[in-house]
Structures are given as C-alpha cells and as structure tokens.
Amino acid sequence: MIYFIVIILANTVGAISGMGGGVIIKPILDTLHFHPLAAISFYSSVAVFTMSIVSTLRQLKNGLKLQLPIAVFVSLGSVLGGISGNTVFESLLQVFANEKYVQVIQIILTIITLLFAYFYTKIGNERSLNLSHPIWYVIAGIFLGFISTLLGIGGGPINVALLMLCFGIPIKEATVYSIITIFFSQAAKLGTIAQTSGFDRFDLTILLYVIPAAVIGGFVGALISGKISSERVTQVYQLVILLVLLLNLWNGVQLFM
C-alpha cells in the first residue's frame, strides 16, 4: 500500500511536469529499503512505462498537437538508449560486489541532471540551440533513453530541459515528448530484461499495486496538465527538482552512515 500511494502521487506530478514519476519513485523506494536495487529499478520502470501510456493518450485527447518528426526520431533514439542503459546498469551490478556503489553512481548522476535541469529552466530557458536535423533528434533520444534506464528514474527532469535546450520546444509540449521518450526507453528496458535475466528474480505480486497506481497517477496528472498554464508547469517542475535533489542527497548520506 505504501508503494501504491507513492506511485500515485509521484506519477501524478510526473505526468504534469514531464518527469515521468520515476525520479520521485526511485529515491523514495531506495529510502524505504523494502527491495534490492534491481527490483526497485524494475518496479519504477513498470510504473513510469504504464504512466507514459495513460498520460500520452490523455494529452492527445486534450488536443495537444505534436511535431511528428521529433516524436518519431527521438523515440527511435530512446529505444537504442534504453537497451544500452539497461546493459550498463546490469554490468555495474556484476562489477561491484556491493550494490551500494551502483546506487552511489546513480545518485551522483541524478544530482547532476537535477542541477542542470533546475538552472536551465530557472535562468536559461529562453536560450535554445534550435537544432532541426533528424540526426539530432535521434542523438537526443539515445542520450535520454540511456541516462533514464541507467539511473532507473524513467525519464527524469533532464528530458524536458534537454528537449527545450536543443529544439526550442515550449515546456508544456516538451513534457509530452518527454513522456513519449519514457515510453519507448522503458519498453526497451523491460524487453531487454525479458530476453536476458527474465522476471523470475522479482516479486511480481507487487505489480498488482504498481500498475493500477501508475494508471491513476498518469490519468490525473495529464488531466491537471491540460488545465494549468505553462508557468504553473514550470513552477511544479522546479519545486519537484528541489525536493528530489534533497531526497537524493539524504540517500547518499545514509549510504555512508
């Protein structure tokens, strides 16, 4: 039930801000220590994957128009990135005898992406590279898919900030592309797990709580997103970044106490 509540709240905020919920779910589940790191990463991926389906369908119903080339090529890149990110994650778990060190790597990289996203949306969101060639869409998708699956956060704040920086996309539109990227990167990750180690090492009964909570969170978040202004979305985005930044710092400190 704790997972159920956490995922509803996280995915609601994640669907509004484009972060996907995993950036909140992952550190909270790390703090609770109910499951091993690989299981937490898996549950988080299932949650944000489910949310991404519900949220995207709801956003399209809200009438938001997408630029098809960006959606297609970023999604293609995110599949490649999702596969490689999960491969690196599994390799790190094998290299380090204690999963604590893998978690430290995740925390450090997450904090870096949080700081980049916060400061870009706070002081530099009017600056854009205005890239438009399809190859840049694919490269951006590969990077976003890789970092999201490696960190186990689904999409995270870097998706929205990087899409705004590279392609000059307004924040509300960027949140939807971010959610689409999350769908394909997490689909690639879950597909890779299915073909390699399989799902037997996870307690799949937890998904009876994870999936319904993700559906509710994705629907409510997309519903709210369609009714609020871009300025309010930015405020939610920045507030969540600060809260998650503090949570990751706390988890990092706890690992060495």
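Everything below is about the structure printed above this text.
Let us look at the structure shown here. (Residues numbered from 1 in each chain as written. Predicted model: local features only at pLDDT ≥ 70, side-chain atom pairs only at ≥ 80, totals over all residues. Heavy atoms only, no water.)

## Quick look at the pattern of salt bridges
Put simply, the rule is: The working definition used for a salt bridge is a side-chain nitrogen of Lys or Arg within 4 Å of a carboxyl oxygen of Asp or Glu. Starting at the N terminus, helices and strands are each numbered in turn, a helix being any DSSP run of H or I of at least four residues and a strand any DSSP run of E of at least two. Burial classes follow relative accessibility: with a 1.4 Å probe on protein chains only, a residue under 20% of its type's maximum area counts as buried, one over 50% as exposed, and anything between as partly exposed.
Overall, the coordinates contain two salt bridges when judged by the stated rule. Between Asp30 and Lys26 there is a salt bridge; the shortest N-O distance is 2.7 Å. Taken together, the residues Asp30 and Lys26, both in helix α2 (residues 22-32) and four residues apart, mark about one turn of the helix. Each member of the pair Asp30 and Lys26 is classed as buried. For Arg201, the salt bridge is made with Glu90, and the minimal N-O distance between the two is 2.8 Å. Taken as a pair, Arg201 in the loop between α8 (171-195) and α9 (207-225) and Glu90 in helix α4 (residues 68-95) lie far apart in primary sequence, 111 residues in all. What makes Glu90 buried here is its relative accessible area of 18%.

## So, unusual backbone geometry
Residues other than glycine seldom take positive phi values, yet His33 does so here, at roughly 60°. Position of His33 relative to the elements: it lies in the loop between α2 and α3 (37-61). Even without a glycine there, the phi angle at Asn130 is positive, about 50°. Position of Asn130 relative to the elements: it lies in the loop between α5 (99-123) and α6 (134-151). On the basis of relative accessible area, Asn130 is assigned to the exposed category, the value being 55%.

## So, the environment of Val104
Convention followed: Any two residues whose heavy atoms approach within 4.5 Å are treated as being in contact.
Relative to the helices and strands, Val104 resides in helix α5. The exposure class assigned to Val104 is buried, which follows from its relative accessible area of 17%. In this structure the C-alpha to C-alpha distance between Val104 and Val253, which are 149 residues apart in sequence, comes to 9.7 Å. Among residues more than four places away in sequence, those in contact with Val104 are Leu255 and Phe256.

## A look at empty space enclosed by the protein
Threshold: Note on definitions: the grid is 1 Å and covers protein atoms alone; a cavity is a set of points where a 1.4 Å probe fits but cannot get out; a pocket is an open set with protein on both sides within 12 Å along at least five of seven lines; lining residues have an atom within 4 Å of a point. Grid points are joined across faces, edges and corners, and a volume is the space filled by probe spheres set on the points. Polarity classes work like this: nonpolar for Ala, Val, Leu, Ile, Met, Phe, Trp, Tyr, Cys and Pro, charged for Asp, Glu, Lys and Arg, and polar for all others, with Gly in that last group.
Tallying each qualifying case throughout the model produces two cavities of 30 Å³ or more. Its volume calculated, the second largest cavity comes out at about 30 Å³. Forming the walls of the second largest cavity are Ala38, Ser41, Phe42, Asn86, Phe89, Glu90, Lys189, Ile193, Arg201 and Phe202. Contributions of two or more residues to the lining of the second largest cavity are made by α3, α4 and α8. When the residues that make up the lining of the second largest cavity are grouped by side-chain class, the tally is five nonpolar, two polar and three charged.

## Brief notes about the packing of α4 against α8
Test applied: Here, axes are lines fitted to C-alpha atoms. For helices the fit covers the stretch in contact, and angles between N-to-C directions go from 0 to 180 degrees. Crossings are sorted by hand: turned counterclockwise from the far helix by less than a right angle, the near helix makes the crossing left-handed, and turned clockwise it makes it right-handed.
Relative orientation of the contacting elements α4 and α8 amounts to 35°, with a least axis distance of 7 Å. Our pair here, α4 against α8, has a crossing hand that is right-handed. Judged by residue contacts, Ile70, Ala71, Val74, Ser75, Ser78, Val79, Gly82, Ile83 and Asn86 of α4 engage Tyr177, Ile180, Thr181, Phe184, Ser185, Ala188, Lys189, Thr192 and Ile193 from α8.

## What about the nonpolar core?
Applicable threshold: Joining through side-chain atoms within 4.5 Å is the link that ties buried Ala, Val, Leu, Ile, Met, Phe, Trp, Tyr and Cys residues into a set, and such a set is a nonpolar core.
With 62 residues, the main nonpolar core has Phe42, Tyr43 and Val210 as its most contacted residues. Each residue touching Tyr43, except ones within four places of it in the same chain, is listed here: Tyr3, His35, Phe202, Asp203, Ile206, Leu207 and Val210. One finds Val48, Met51, Ile179 and Ile182 within the second-largest nonpolar core, a separate group that totals five residues.

## What about the packing of aromatic side chains?
Stated precisely, the cut-off is as follows: For Phe, Tyr and Trp, rings pair up if their centres lie within 6.5 Å, where Trp contributes its six-membered ring, and each pair is then called stacked (planes under 30 degrees apart), edge-to-face (over 60) or tilted (otherwise). Comment: the charge-over-ring label is applied if NZ (Lys) or CZ (Arg) is within 6 Å of the ring centre and within 35 degrees of the ring normal.
Within the structure shown, the criterion is met by eleven aromatic pairs. Centre to centre, the rings of Phe49 and Phe183 are 5.1 Å apart; their planes meet at 15°, and the pair counts as stacked. Residue Phe49 is found in helix α3, and its partner Phe183 is found in helix α8; the two are separated by 134 residues along the sequence. Relative accessible area serves as the criterion here: at 26%, Phe183 is assigned to the partly exposed category. Ring centres of Phe96 and Tyr101 lie 6.1 Å apart, and the angle between their planes is 35°; on these two criteria the pair is classed as tilted. Exposure remark for Tyr101: the relative accessible area of 42% places this residue in the partly exposed category. Grouping aromatic residues by their ring pairs yields a cluster made of Tyr3, Phe34, Phe42, Tyr43, Phe199 and Phe202. It is Lys100 that lies over the ring of Tyr101; its NZ or CZ is 5.5 Å from the centre.

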